[in-house]
Amino acid sequence: MLVYTTQITLKEHLSPLKSKGKTIGLVPTMGAIHMGHLSLMQEALSQNDIVVVSIFVNPTQFNNPNDLEKYPRTLERDVKLIESLSDKIIVFAPSVEDIYADNAVADIFKYDGLENQMEGANRPGHFNGVGTIVKKLFEITEADKAYFGEKDFQQLQIIRNMTTQFKLPVEIVGVPIFRQEDGLAMSSRNELLSDEAKKEATLINQIMLQAKNLFKSKSIKEVVDFVENEFKKHSNFELEYFEIADEKTLQTAIEKTENTKYRGFVVVHLDNVRLIDNISLN
Ligand code: PAF
């Protein structure tokens, strides 16, 4: 399997293929590959001639240095896992210097207000970092399609917005959340949980499913109160936020209106790990 660690060598490989009309699918990741990533790769393999998986822990999207330091880095294992899916996949695993030279600083983006909600409000600068790296990766790979999981639903909407705004010649494909059988959303951060905490974390999806059920008959405030109270009952969990928002604008919803799609977005801390999930409510 091909593993490139510099932009130049990857471009040298891809450019002639692109000129011959081959289509390129990109799956951007920060590594610690799990089934969720593999489902993105599977989708990409079915729709493109060439699939590139980038593995890069992007420093400019971490607002918390401790979080950046703790982020799992498991390149060797990642490459083996990807190879077990298909040895035709190309891995791009550059260094920070290769991507940013000596200036690892994010560009500033506006995404029509999408950046001011939830993760944007709680992780200052995060979506500038995401926009910076994703735009660079699109340029380096000249991807025709790029694949992102719905687990980071706000990120997906922001990347769609950026792609339209800058008229980037790439199609964004959103892929549904991949869950374990017990409902826990697959995440690289799950690696940081103890075995005990992994079991406890299944509560997140259970509460979200209950919220979805309540949403049929209760007001938005009642559903939000329910979720907040449920997490209060479990002292191991610290709820950072639960919000119900319009799926398109990501504006916090106060009252239900007809013909609007709503989603519940949650972030909790468990075992010193920040876990994120969301669910379509209607
Ligand atoms: O979702 C992620 O893993 C990252 O935010 C991404 C899209 C790979 C950019 O670093």
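The paragraphs below set out a description of the structure included in this document.

Thresholds, definitions, all that
Residues numbered from 1 in each chain as written. Predicted model: local features only at pLDDT ≥ 70, side-chain atom pairs only at ≥ 80, totals over all residues. Heavy atoms only, no water. Helix = DSSP H or I, 4+ residues; strand = E, 2+ residues; numbered from the N terminus. Rg over C-alpha atoms; globule rule 2.2 N^0.38 Å. Buried < 20%, exposed > 50% of the residue type's maximum accessible area, 1.4 Å probe, protein only. Contact = heavy atoms within 4.5 Å. Areas by Shrake-Rupley, 256 points an atom, 1.4 Å probe, with all protein chains shown as cover. Lys, Arg positive; Asp, Glu negative; His and termini not counted. Charge placed at Lys NZ, Arg CZ, Asp CG, Glu CD. Salt bridge = Lys/Arg side-chain N within 4 Å of Asp/Glu carboxyl O. Pairing = 2+ DSSP bridges. Axes fitted to C-alpha atoms, helices over the stretch in contact; angles between N-to-C directions. Near = heavy atom within 4 Å. Polar contact = N/O pair within 3.5 Å; in protein donor to acceptor, adjacent residues only side chain to side chain. Nonpolar A, V, L, I, M, F, W, Y, C, P; charged D, E, K, R; others polar.

**A word on the overall build of the protein**
Alright, step 1. Secondary structure assignment for the protein yields 11 helices and 9 strands.
Alright, step 2. What you see for the protein is a C-alpha radius of gyration of 19 Å, in line with the 19 Å of a compact globule of 282 residues.
Alright, step 3. Expressed as lengths along the three principal axes of its C-alpha atoms, the size of the protein is roughly 55 × 40 × 35 Å.
Alright, step 4. Counting over 282 residues, the protein shows a buried share of 52%.
Alright, step 5. A separation threshold of at least 6 residues defines the contact pool for the protein, and within that pool the share at least 24 residues apart is 72%.
Alright, step 6. When the accessible surface of the protein is summed, it comes to about 13,600 Å², and 49% of that surface belongs to carbon and sulfur atoms.
Alright, step 7. Of note, the protein has its 32 positive side-chain charges centred 3 Å away from the centre of its 41 negative side-chain charges.

**Side note on the pattern of salt bridges**
Side chains that differ in charge, positive against negative, can pair when their charged atoms come close.
Alright, step 1. Scanning the entire structure with this criterion turns up 12 salt bridges.
Alright, step 2. For the salt bridge of Glu240 with Arg274, the shortest nitrogen-to-oxygen distance reads 2.8 Å. Remark: Arg274 occurs in strand β9 (residues 273–280) and Glu240 occurs in strand β7 (residues 238–246); sequence separation between them is 34 residues.
Alright, step 3. Here Glu240 falls in the partly exposed class, since its relative accessible area comes to 25%.
Alright, step 4. Connected via shared salt-bridge partners are Asp67, Arg123 and Arg189.

**With respect to the sheet that holds strand β8 (residues 262–270)**
To summarise the sheet geometry, strands pair through backbone hydrogen bonds and adopt either a parallel or an antiparallel arrangement.
Alright, step 1. Reading across from one edge, β7-β8-β9 is the order of the 3 strands in this open sheet, with antiparallel pairing throughout. The open sheet terminates on both sides in strands that have one partner only, identified here as β7 and β9. Averaged over neighbouring strand pairs, the angle between their axes works out to 15° when direction is ignored.
Alright, step 2. Pairing of β7 with β8 involves 8 bridges; the strand directions are antiparallel. Paired with Glu238 across the bridge in β8 is His269.
Alright, step 3. Those strands touched by helix α10 (residues 202–215) are β7, β8 and β9, and its axis lies near 30° from that of β9.

**Observations concerning the pairing of β8**
Alright, step 1. Counting buried residues in β8 gives 8 out of 9 residues, a clear majority hidden from the surface.
Alright, step 2. Examined bridge by bridge, β8 and β9 share 8 bridges and lie antiparallel to one another. Across the sheet, residue His269 finds its bridge partner in β9, namely Arg274.
Alright, step 3. Linking β8 to β9, which pair antiparallel, is a turn of 2 residues; within it Asp271 sits at a positive phi near 60°.

**Examining the site of the ligand**
Alright, step 1. All residues adjacent to the ligand are Pro28, Thr29, Met30, Asn58, Gln61, Ile133, Phe148, Asp152 and Gln155.
Alright, step 2. Note that an oxygen atom of the ligand is positioned 2.6 Å from one of the side-chain N or O atoms of Gln61.
Alright, step 3. Contact between the ligand and Gln155: an oxygen atom at 2.7 Å from a side-chain N or O atom of the residue.
Alright, step 4. When the ligand is considered free in solution it has 290 Å² of accessible area, and contact with the protein chains removes 89% of it.
Alright, step 5. When the residues that make up the shell around the ligand are grouped by side-chain class, the tally is 4 nonpolar, 4 polar and 1 charged.

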